[in-house]
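A look at the structure
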Amino acid sequence: MEKLVVHGGYTLRGAVKIAGSKNASLPILAASLLTDEKVVIRHVPDVSDANFMVQIMGQLGASVERSSGTVRVNAQNIHAEATYEQVRKMRASICLMGPLVARMQRCVIPLPGGCVIGDRPVDLHIRAIQALGASVQVERGNLIIEAPNGLTGAVVDLRGDHGPTVLGTDNLMMAAVLAKGTTVIESAAAEPEVVDLANFLIKMGAKIEGAGTRRIVIEGVEKLHGCDYTVIPDRIEAGTFMVAAAMMGDGVTLFNVCREHLETITELLIKCGHSIEFNEKGTSVTIIAGKNPKPGEIKTAPYPGYPTDMQAQMTALFAVTPGISVVKDSIFPQRFMHCSELKRMGADIKVDNGTAVISGVDKLSGAPVMASDLRASAALVLAALKAEGTTEIHRLYHIDRGYENICDKLLGIGAAVERLPDVEE
Ligand code: EPU
């Protein structure tokens with residue numbers, strides 16, 4: 001185990017290269033199992049979630065080679081039974097369901113368990129695969145999904161109580177590409193990661209229209225072929241560094257970003273008084289912290305709304321912004337574990353019923369804190385960069401799930417951070 005030790009108060013200046021998107025890479029890796037031909041996927045981030053996915057695919061029989069950010073998959077001979085030991089480390093393993101059933105007509109996937117950011121049921125994934133004609137049974141904690149005669153296209157409405165589902169849309173799209181006939185996904189998720197998966201599938205020979213809107217139409221094909229594909233930049237890693245720069249930056253430039261995917265975050269940071277300038281192509285952005293930052297109000301929503309995955313980081317910024325800010329998470333109303341740790345650093349936050357009310361304080365002070373999930377740990381790192389003194393962030397493995405080389409990237413822009421062995425765990 002390791003901890004991150006952050007000595008706060010250093011001005012951030014310099015450049016960071018943003019990695020490929022974690023949340024696009026995971027379903028794209030899974031989708032490479034849809035073909036027996038060779039697939040090359042570039043810009044897969046070196047984060048533990050992507051590495052878990054690569055491991056699981058290997059255990060399912062695929063040959064998966066990784067060198068830097070390039071993953072080469074050959075899934076000629078695979079089986080379709082994943083074990084709990086393999087998938088318990090990562091909920092996103094559920095997105096193996098669609099490709100495995102489509103290709104193998106049967107799969108066994110352990111049901112994901114509880115999650116610190118909320119209940120996170122998979123009812124919509126199950127409803128989707130059933131709509132395509134598969135049977136679903138639960139035995140000893142495993143989902144056993146069978147479609148001995150293959151899948152058949154259908155009209156499926158994927159709206160849940162908290163809006164559309166990202167991985168549910170991915171799963172259905174991956175199942176439908178090899179189904180007989182046409183599938184229409186109503187109330188589909190429109191996140192850039194869903195569009196990236198659709199573009200990858202199209203490059204493999206799938207027929208998909210409407211990705212990025214609430215209605216996706218998929219015409220099933222007999223077979224998919226290999227391809228060479230580059231994953232989009234990680235908008236959440238970029239957003240996290242944008243917030244770091246808004247808190248402590250005097251000219252931080254991020255490369256490998258996509259302006260369009262960062263619109264909501266950019267608008268909010270500008271409204272809160274920070275300077276954000278993209279290059280003409282929208283592929284790099286420079287952030288300078290505002291001299292008179294203002295409080296703000298956010299309510300998370302499906303894309304193009306404000307992302308739930310950027311809620312904790314913005315809470316850290318608001319914690320040191322004068323005035324009252326309000327953060328409501330309507331997608332994961334329980335996703336506020338970071339607030340109790342921020343309070344240990346001196347933040348003034350009241351959380352009630354899926355909403356955090358934050359009264360900005362003059363300063364935070366370093367403290368030992370505990371990361372509880374990926375984005376909560378990012379919020380703690382941001383607060384620690386601003387705080388007076390030293391912060392020790394325990395359970396660093398949470399941040400390694402989704403941030404590539406975070407320590408080196410922060411060191412590169414002038415932060416004083418170090419990874420040390422954690423004797424407490
Ligand atoms: N939901 C259901 N039933 C389902 C599926 C989802 O009720 O069958 C609910 C969820 O409980 C939640 C809402 O629908 O309230 C949206 O969840 P969604 O299914 O969209 O989440 P996900 O696909 O499991 C992905 C990202 C998450 C991100 C969410 C929301 C990946 C691998 N994960 O999860 O990313 O928070 O979409 O945008 O793409 C992260 O990167 O830190 C992370 C948690």
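The paragraphs below set out a description of the structure included in this document. Not measured: the values here are computed from a predicted model.

As a further point, take the overall build of the protein. Assigned secondary structure in the protein consists of 14 helices and 23 strands. Along the three orthogonal principal directions, the C-alpha set of the protein runs to about 65 × 45 × 40 Å. Every one of the 425 residues in the protein was classed for burial, and the buried ones make up 57%. Carbon and sulfur atoms provide 49% of the accessible area of the protein, an area that totals close to 16700 Å².

Neighbouring the ligand are 23 residues; Asp-123, Thr-165, Leu-167, Asp-309 and Ile-331 lie closest to it. At a separation of 3.2 Å, an oxygen atom of the ligand approaches a polar backbone atom of Pro-121. A distance of 2.7 Å is found between a nitrogen atom of the ligand and a side-chain nitrogen or oxygen belonging to Asp-123. For the ligand, whose unbound accessible area comes to 830 Å², protein coverage reaches 89%. Taken together, the elements giving at least two residues each to the shell around the ligand come down to α1 (22-31), α5 (123-131), α6 (166-176) and α12 (374-386). Of the residues belonging to the shell around the ligand, the class tally is 12 nonpolar, 5 polar and 6 charged.

Looking now at empty space enclosed by the protein. One pass over the full model with this rule turns up 3 cavities of 30 Å³ or more. Here the largest cavity defines a volume of roughly 40 Å³. Lining the largest cavity are Thr-240, Phe-241, Ala-378, Val-381, Leu-382, Ile-406 and Leu-410. Put simply, the parts of the chain that give the lining of the largest cavity at least two residues each are α8 (235-248), α12 and α14 (406-412). Tallying contributions element by element places α12 first for the lining of the largest cavity, with 3 residues.

Approximately 250 Å³ is the volume attributed to the second largest pocket. If you go around the second largest pocket, you meet 17 residues; those closest to its centre are Ala-246, Met-247, Ala-289, Gly-290 and Lys-386. Put simply, the parts of the chain that give the lining of the second largest pocket at least two residues each are α8 and β14 (249-255). Counting residues per element, the lining of the second largest pocket draws most heavily on α8, at 3 residues. Here the residues of the lining of the second largest pocket are counted per class, giving 9 nonpolar, 5 polar and 3 charged.

It is worth spelling out helix α7 (residues 192-203) at this point. Between the first and last C-alpha of α7 there are 16 Å, a value that for 12 residues agrees with the 16 Å anticipated at 1.5 Å per step. A positive phi of about 110° marks Gly-205, the residue just after α7.

Following both chains from N to C, one finds α1 and α7 inclined at 30°, their axes separated by 9 Å at the closest point. By the angle between their directions, the pair α1 and α7 is classed as roughly parallel. The chirality of how α1 crosses α7 is right-handed. Residues Asn-23, Ala-24, Pro-27, Ile-28 and Ala-31 of α1 touch α7, and the partners they reach there are Glu-193, Asp-196, Leu-197, Phe-200 and Leu-201. Residue composition of the contact of α1 with α7, by class: 7 nonpolar, 1 polar and 2 charged.

Here is what the cut-offs are and how they apply
- Residues numbered from 1 in each chain as written.
- Predicted model: local features only at pLDDT ≥ 70, side-chain atom pairs only at ≥ 80, totals over all residues.
- Heavy atoms only, no water.
- Helix = DSSP H or I, 4+ residues; strand = E, 2+ residues; numbered from the N terminus.
- Buried < 20%, exposed > 50% of the residue type's maximum accessible area, 1.4 Å probe, protein only.
- Areas by Shrake-Rupley, 256 points an atom, 1.4 Å probe, with all protein chains shown as cover.
- Near = heavy atom within 4 Å.
- Polar contact = N/O pair within 3.5 Å; in protein donor to acceptor, adjacent residues only side chain to side chain.
- Nonpolar A, V, L, I, M, F, W, Y, C, P; charged D, E, K, R; others polar.
- 1 Å grid on protein atoms, 1.4 Å probe; cavity = no way out; pocket = protein on both sides within 12 Å on 5 of 7 lines; lining within 4 Å.
- Points joined across faces, edges and corners; volume = space filled by probe spheres on them.
- Expected span 1.5 Å × (residues − 1).
- Axes fitted to C-alpha atoms, helices over the stretch in contact; angles between N-to-C directions.
- Parallel < 35°, antiparallel > 145°, perpendicular 65-115°, else oblique.
- Left-handed = near helix turned anticlockwise from the far one by under 90°.
- Contact = heavy atoms within 4.5 Å.

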